[in-house]
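These are the residues of each chain, in order.
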Amino acid sequence: MLPFKLVYHDRYDLNLGAHVFPSQKYRLVKEALLARRHAEPLDLMAPERAADEDVLLVHTLEYVRKLKTGTLSPSELMRLEIPYSPETVEAFWLAAGGSILAGRKALEEGLAANLSGGFHHAFPDHGEGFCMIHDVAIAIRRLQADRAIRTAMVVDTDVHHGNGTAAIFRNDDSVFTFSIHQENNYPLPKPPSNIDLNLPDGIGDEDYLAILENHLVKAFAQFHPDLLFYVGGADPYREDQLGGLALTLEGLERRDGIVFEHARHRFVPVAITLAGGYARHVEDTVRVHVNTILAARDIALEIHGVEVFCDCARSLCPLVRSFRARLDSAGSGSS
Ligand SMILES: [Zn+2]
């Protein structure tokens with residue numbers, strides 16, 4: 001059992017047919033975590049669809065109406081780069097509901113993961129780059145409206161710049177945006193985040209991780225969020241078809257660990273989303289996402305100053321009980 005919840009729904013699959021985006025990966029990640037006994041069925045929580053009112057906290061009424069009625073124009077569909085279907089709309093609404101739920105669970109328990117989401121290319125009035133609506137922005141706005149959080153940070157390590165995130169929060173001091181990405185890649189233009197790290201083609205593990213860590217320190221020196229949303233794309237992987245960086249599987253797991261460690265060190269709860277991943281072999285994309293969950297687990301257990309010696313983190317284990325108690329006290333201290 002994991003010391004945090006995984007948010008998952010069987011209808012997360014975007015039903016894209018033959019497409020470079022392997023949206024069956026959500027199910028495959030869930031199955032891999034269960035099959036390898038990293039997680040148990042009790043770790044899973046099913047989200048509800050985001051309410052339209054939640055989606056409208058970020059997106060325009062006109063755009064939401066087009067999505068609900070299937071009346072996107074051909075040019076809007078071309079920009080979205082995925083086929084339209086009511087099932088796809090439902091999957092995005094579920095993903096947004098999943099990120100809201102993951103945000104809530106992270107606030108309660110310190111960590112949570114939505115096994116979908118990270119649709120960082122969606123803008124208020126249009127979708128693009130496989131992203132119909134911006135689940136993370138919707139979750140932040142919902143949690144702010146609920147007064148569950150005042151501030152948030154989005155740390156985006158997908159190989160592509162988080163253009164939708166940057167645009168949505170551009171003039172909002174309550175949300176700090178951080179994107180580390182390949183400069184010579186989609187999207188163009190790249191609206192400014194609070195921190196943008198434009199990496200050269202082909203950068204490898206050591207250079208990437210040094211830049212990431214250096215700038216995470218700078219980000220947290222400027223801003224202490226109530227909640228961090230992690231957009232942990234699998235596409236900086238060296239075998240990715242839509243990425244041009246050269247990170248290894250090990251480097252990507254260290255990447256995740258660095259983000260989680262900096263957040264935990266400052267008692268900032270983390271909600272994980274998966275974002276992109278287009279490796280030649282879908283198993284590699286799944287492996288990267290599974291490793292993100294394992295990196296989060298290891299940081300959750302390391303907070304006790306103990307070695308991660310096995311996968312025995314059961315719900316009644318004192319380790320997990322004290323973990324939750326510690327997170328509760330940390331949460332009340334930071335609010
Ligand atoms: Zn990407």
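Preceding block: the structure.
My aim in this report is to walk through the structure given alongside it, one point at a time. (Residues numbered from 1 in each chain as written. Predicted model: local features only at pLDDT ≥ 70, side-chain atom pairs only at ≥ 80, totals over all residues. Heavy atoms only, no water.)

Turning our attention to the overall build of the protein. Scanning the protein from terminus to terminus reveals 11 helices and 8 strands. Computed over the C-alpha atoms, the radius of gyration of the protein is 18 Å, within 12% of the 20 Å expected from 2.2 N^0.38 for a compact globule of 335 residues. Here the C-alpha coordinates of the protein stretch approximately 55 × 40 × 40 Å along the principal axes. Per-residue burial for the protein yields a buried fraction of 60% across its 335 residues. Sequence-distant contacts in the protein: of pairs separated by 6 or more residues, those separated by 24 or more amount to 75%. The positive charge centre, built from 33 side chains, and the negative charge centre, built from 46, are 4 Å apart in the protein. (Helix = DSSP H or I, 4+ residues; strand = E, 2+ residues; numbered from the N terminus. Rg over C-alpha atoms; globule rule 2.2 N^0.38 Å. Buried < 20%, exposed > 50% of the residue type's maximum accessible area, 1.4 Å probe, protein only. Contact = heavy atoms within 4.5 Å. Lys, Arg positive; Asp, Glu negative; His and termini not counted. Charge placed at Lys NZ, Arg CZ, Asp CG, Glu CD.)

For the zinc ion, the full set of protein donor atoms is Asp 158 (OD), Asp 158 (OD), His 160 (ND1) and Asp 235 (OD), at a range of 1.9 to 2.8 Å. Taken together, the 4 donor atoms coordinating the zinc ion and their angles of 52 to 155 degrees define a geometry best described as irregular. Mapped onto the sequence, the donors of the zinc ion take the spacing D-x1-H-x74-D. Of this pair, His 160 sits in the loop between strand S4 (152-156) and helix H7 (163-168) while Asp 235 sits in the loop between strand S7 (227-231) and helix H9 (249-265), and the two are 75 residues apart along the sequence. The burial state of His 160 is the same as that of Asp 235; both residues are buried. (Donors = N, O, S within 2.8 Å, 3.2 Å for Na, K, Ca; no water. Tetrahedral: all angles 85-135°; square planar, octahedral: opposite > 155°, others 65-115°.)

Of note, the amide linkage connecting Tyr 186 to Pro 187 takes the cis form, showing an omega dihedral of 0 degrees. Within the secondary structure, Pro 187 sits in the loop between strand S5 (175-182) and strand S6 (195-199). The omega torsion across Leu 188 and Pro 189 is -5 degrees, close enough to zero to call that bond cis. Checked against the element boundaries, Pro 189 lands in the loop between S5 and S6. Not every positive phi belongs to a glycine, and Arg 147 is a case in point at roughly 60 degrees.

Bringing the packing of aromatic side chains into the picture now. Counted according to the given criterion, the structure contains 9 aromatic pairs. Between the aromatic rings of Phe 21 and Tyr 26, the centroid separation amounts to 6.4 Å while the plane-to-plane angle is 70 degrees, which identifies the pairing as edge-to-face. Given a relative accessible area of 4%, Phe 21 falls into the buried group. Judged by relative accessible area, which is 0%, Tyr 26 ranks as buried. Measuring from ring centre to ring centre gives 5.8 Å for Phe 21 and Phe 130, while their planes differ by 50 degrees; the resulting arrangement is tilted. (Phe/Tyr/Trp six-rings, centres within 6.5 Å; stacked < 30°, edge-to-face > 60°.)

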